[in-house]
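# Commentary on secondary and tertiary structure
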Amino acid sequence: MRADPPQVAWQGSLFDDAEPGRARLSFDGLRHDPLDERSWIDVVPGWVTDHAELFDELLAEAPWQQRTRTMWDKDVLEPRMVAVLPRPFPARIAELVTPLNERYRVRFDSCLINLYRDGSDAVAWHADTVRKTMRDPLVATVSLGARRAFLVRPATGGPIVRRYAPGEGDLVMMGGSMQHDWHHTVPREKCASGARMSVTLRHSRPAAS
Ligand SMILES: O=C(O)CCC(=O)C(=O)O
């Protein structure tokens with residue numbers, strides 16, 4: 001039997017403000033943001049126009065888990081819920097993957113969804129572990145629900161160099177050497193306006209040259 005969906009502070013349908021007539025999954029509004037000569041971020045605002053429906057569907061259907069981490073010999077709950085989607089991906093995820101595969105010339109073959117139930121959920125500064133098996137992995141994130149800060153700083157520490165606020169269907173693609181040279185975080189946010197979901201996609205083989 002399917003577990004009850006997580007309880008969140010906000011339902012996706014409350015964000016339903018998709019612009020009528022706007023093309024779904026279009027890269028027209030893409031902004032390419034180089035961090036240095038090797039690393040970059042692409043942002044496409046409102047890439048998923050029916051983001052509110054997708055939020056609701058994933059909230060109800062995804063196999064959510066509450067994971068624990070061992071810290072200082074203690075098991076602590078991770079401050080978010082996650083769902084790993086097995087392949088073949090459900091249709092709603094497959095239709096996101098197809099245009100991304102075509103544009104970025106890779107095969108996104110793993111999908112992890114994060115659910116930040118409210119402003120107390122977060123992810124600390126890190127780079128994705130896929131960097132350990134690939135020189136320049138692409139990591140795609142489709143943000144649904146409330147906007148939350150997404151910050152970037154050098155992997156060696158130092159000041160924050162980028163502040164984005166993805167939500168409501170925005171696509172963020174991290175590329176180049178980003179997972180080696182830069183760290184990212186979604187910090188706790190006292191005044192978050194509701195729940196946010198990030199659908200993250202990774203590939204296990206290098207990009208076609
Ligand atoms: O929620 C996000 O935008 C970032 C998620 C993330 O960094 C991760 O899953 O490793």
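Since the model is a prediction, treat every value here as computed from it, not as a measurement.

Moving on to the packing of aromatic side chains. Counted according to the given criterion, the structure contains 4 aromatic pairs. On the basis of an interplanar angle of 40° and a centroid distance of 5.6 Å, the ring pair of Phe 27 and Trp 47 is categorised as tilted. Highlighted residues: Phe 27 in the segment before strand E1 (31–34) and Trp 47 in the loop between strand E2 (39–44) and helix H1 (51–61), separated in sequence by 20 residues. The exposure class of Phe 27 is buried, given its relative accessible area of 15%. Under the relative-accessibility criterion, Trp 47 is labelled buried at 0%. Look at Phe 27 and Tyr 104: their rings are 6.4 Å apart centre to centre, the planes differ by 75°, and that puts the pair in the edge-to-face class. On the criterion of sequence distance, the pair formed by Phe 27 in the segment before E1 and Tyr 104 in helix H2 (residues 91–104) is long-range, its members being 77 residues apart. Like Tyr 104, Phe 27 is buried. Put simply, the rings of Phe 27, Trp 40, Trp 47 and Tyr 104 pair up and form one aromatic cluster. If you follow Arg 103 out to its NZ or CZ, it ends over the ring of Phe 27, 4.9 Å from the centre.

Moving on, we get to the layout of surface pockets. Roughly 740 Å³ of internal volume is contained in the largest pocket. In terms of lining residues, the largest pocket is bounded by 34 residues, among which Arg 69, Arg 80, Val 123, Ala 124 and His 126 are the most central. Here the residues of the lining of the largest pocket sort into 18 nonpolar, 8 polar and 8 charged.

Below, the discussion takes up the site of the ligand. Lining the immediate environment of the ligand, one finds Asn 114, Tyr 116, His 126, Asp 128, Thr 141, Phe 150, His 184, Val 186, Arg 196, Ser 198 and Arg 202. Tyr 116 places a polar side-chain atom, nitrogen or oxygen, 2.6 Å from an oxygen atom of the ligand. With respect to the ligand, the side chain of His 184 contributes an N or O atom lying 2.9 Å from an oxygen atom. If you list the elements that add at least two residues to the shell around the ligand, you get strand E7 (108–116), strand E13 (182–186) and strand E14 (196–203). With 3 residues, E14 is the largest single contributor of residues to the shell around the ligand. Across the shell around the ligand, the residue classes tally to 3 nonpolar, 5 polar and 3 charged.

What follows is about the sheet that holds strand E3 (residues 64–65). Pairing in this open sheet of 8 strands is antiparallel, and the strands run E1-E2-E12-E9-E14-E7-E6-E3 from one edge to the other. Looking along the sheet, the strands with just one partner apiece sit at the ends: E1 and E3. As paired strands, strand E6 (residues 81–85) and E7 are joined by 5 bridges and run antiparallel to one another. Counterpart to Leu 85 in the pairing with E7 is Cys 111.

Before going further, it helps to examine the nonpolar core. Among the nonpolar cores identified, the biggest contains 37 residues, and Trp 47, Ile 93, Leu 100, Phe 108, Ile 113 and Met 197 are the most heavily contacted of them. Here this core gets 5 residues from one element, more than from any other, and that element is H2. Not counting residues up to four positions away in its chain, the partners in contact with Phe 108 are Phe 89, Val 97, Leu 100, Asn 101, Leu 138, Ala 140, Met 173, Leu 201, Arg 202 and His 203. The next biggest cluster of nonpolar side chains, apart from the first, holds 16 residues, and it includes Val 43, Val 130, Val 152 and Met 178.

About the criteria used
- Residues numbered from 1 in each chain as written.
- Predicted model: local features only at pLDDT ≥ 70, side-chain atom pairs only at ≥ 80, totals over all residues.
- Heavy atoms only, no water.
- Phe/Tyr/Trp six-rings, centres within 6.5 Å; stacked < 30°, edge-to-face > 60°.
- Helix = DSSP H or I, 4+ residues; strand = E, 2+ residues; numbered from the N terminus.
- Buried < 20%, exposed > 50% of the residue type's maximum accessible area, 1.4 Å probe, protein only.
- Lys NZ or Arg CZ within 6 Å of the ring centre and 35° of its normal.
- 1 Å grid on protein atoms, 1.4 Å probe; cavity = no way out; pocket = protein on both sides within 12 Å on 5 of 7 lines; lining within 4 Å.
- Points joined across faces, edges and corners; volume = space filled by probe spheres on them.
- Nonpolar A, V, L, I, M, F, W, Y, C, P; charged D, E, K, R; others polar.
- Near = heavy atom within 4 Å.
- Polar contact = N/O pair within 3.5 Å; in protein donor to acceptor, adjacent residues only side chain to side chain.
- Pairing = 2+ DSSP bridges.
- Core = buried A, V, L, I, M, F, W, Y, C linked by side-chain atoms within 4.5 Å.
- Contact = heavy atoms within 4.5 Å.

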